[in-house]
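Structure at a glance
Here is what each chain is made of, one letter per residue.
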Amino acid sequence: MGWTDERVETLKKLWLDGLSASQIAKQLGGVTRNAVIGKVHRLGLSGRATPSQPSRPAAFKAPRPPRPISAPAPRPRALEPKPAPLPAPRPPQIPESPGTATVLTLGAHMCKWPIGDPSSADFTFCGRRAPEEGPYCEDHARLAYQPPQGKKKASAAELVRSLRRYI
């Protein structure tokens, strides 16, 4: 249905009486709530006698009781400062002299540690005897494979801080 002069006048009256757009759409019939809102906007109707009231009263909700305020957790006493951990022992540095093996002469049980720049002509491999279970000699294996670092244990304060969000 279109907006006739009679329907526009009814819209203006109902709008100024404080009815909601949904209520007006039901009374007019054949239009949607959005169509009513669009027409009110195009007509420039802004003031209302009273704000729209819901068609049925909302159920009364009792206010929530205030949350109990918990006392802050006591701070743990300062622990004795621990001595700084010693740095992990570094494996001995192997002087990198030119190796004895090239790509063509590298055998199955020879150390495959690269020495030099692969793009240069004097690039070689270590070539020393390697054990059967790895590709490098003992010295280069110590450089290549670092022992796993143990996980740092969390202090009591860190544990409390991480669990605080669940309290």
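Scroll up to find the structure.
Okay, so let's go over this structure. (Residues numbered from 1 in each chain as written. Predicted model: local features only at pLDDT ≥ 70, side-chain atom pairs only at ≥ 80, totals over all residues. Heavy atoms only, no water.)

Okay, the overall build of the protein next. Along the protein, the regular secondary structure elements total five helices and two strands. For the protein, contacts bridging at least 24 residues in sequence account for 50% of all contacts bridging at least 6. Surface exposure of the protein reaches about 14,500 Å², of which carbon and sulfur atoms provide 59%. (Helix = DSSP H or I, 4+ residues; strand = E, 2+ residues; numbered from the N terminus. Contact = heavy atoms within 4.5 Å. Areas by Shrake-Rupley, 256 points an atom, 1.4 Å probe, with all protein chains shown as cover.)

The subject of this paragraph is the nonpolar core. By size, the foremost hydrophobic cluster in this structure holds 12 residues: Leu11, Leu14, Trp15, Leu19, Ala21, Ile24, Ala25, Leu28, Val31, Val36, Val40 and Leu45. Contributing elements (two or more residues each) for this core: α1 (5-16), α2 (21-28) and α3 (33-43). When residues of this core are assigned to their parent elements, the largest contribution, four residues, is made by α2. Apart from the residues within four sequence positions on either side, leucine 45 is in contact with Lys12, Trp15 and Val40. One finds Cys111, Trp113, Ile115 and Cys137 within the second-largest nonpolar core, a separate group that totals five residues. (Core = buried A, V, L, I, M, F, W, Y, C linked by side-chain atoms within 4.5 Å. Buried < 20%, exposed > 50% of the residue type's maximum accessible area, 1.4 Å probe, protein only.)

Turning to the pattern of salt bridges, a few remarks are in order. Under the definition given, this model contains four salt bridges. Between lysine 13 and aspartate 17 there is a salt bridge; the shortest N-O distance is 2.9 Å. Residue arginine 128 is joined to aspartate 139 by a salt bridge in which the shortest nitrogen-to-oxygen separation is 3.3 Å. Of the two residues, arginine 128 sits in the loop between β2 (124-125) and α4 (138-144) while aspartate 139 sits in helix α4, which places them 11 residues apart along the sequence. The class for arginine 128 is partly exposed, based on a relative accessible area of 35%. Counted as one network, the salt bridges with shared partners bring together Arg128, Asp139 and Arg142. (Salt bridge = Lys/Arg side-chain N within 4 Å of Asp/Glu carboxyl O.)

Here the focus is the state of the cysteines. Here a disulfide denotes a covalent bond joining the sulfur atom of one cysteine to the sulfur atom of another. What the rule picks out here adds up to zero disulfides. With no disulfide of its own, cysteine 126 lies 3.8 Å from the sulfur of cysteine 111, the closest cysteine sulfur. (Disulfide = S-S within 2.5 Å.)

As a further point, take a nonpolar patch on the surface. Residues Leu159, Leu163 and Tyr166 make up a contiguous nonpolar surface patch of roughly 340 Å² in combined accessible area. Within the element layout of this structure, leucine 159 appears in helix α5 (residues 156-163). (Patch = residues over 30% accessible without salt bridge, like charges linked within 9 Å, V, L, I, M, F, W, Y side chains within 5 Å.)

Within this structure, the stated rule accounts for three aromatic pairs. Judged by centre distance (6.2 Å) and plane angle (45°), the ring pair of tyrosine 136 and tyrosine 145 falls under tilted. Pairwise contacts between aromatic rings join Trp113, Tyr136 and Tyr145 into one cluster. (Phe/Tyr/Trp six-rings, centres within 6.5 Å; stacked < 30°, edge-to-face > 60°.)

Here α1 spans 17 Å end to end across 12 residues, near enough to the 16 Å set by a 1.5 Å rise per residue. Each element contacted by the buried residues of α1 is listed here: α2 and α3. A positive backbone phi angle near 100° is found at glycine 18, which sits one or two residues after α1. (Expected span 1.5 Å × (residues − 1).)

To continue, consider the packing of α2 against α3. Relative orientation of the contacting elements α2 and α3 amounts to 105°, with a least axis distance of 8 Å. The angle between α2 and α3 falls in the class roughly perpendicular. Each of Ala21, Ser22, Ile24 and Ala25 in α2 lies in contact with α3, whose residues at this interface are Arg33, Val36 and Ile37. Residue composition of the contact of α2 with α3, grouped by class: five nonpolar, one polar and one charged. (Axes fitted to C-alpha atoms, helices over the stretch in contact; angles between N-to-C directions. Parallel < 35°, antiparallel > 145°, perpendicular 65-115°, else oblique. Nonpolar A, V, L, I, M, F, W, Y, C, P; charged D, E, K, R; others polar.)

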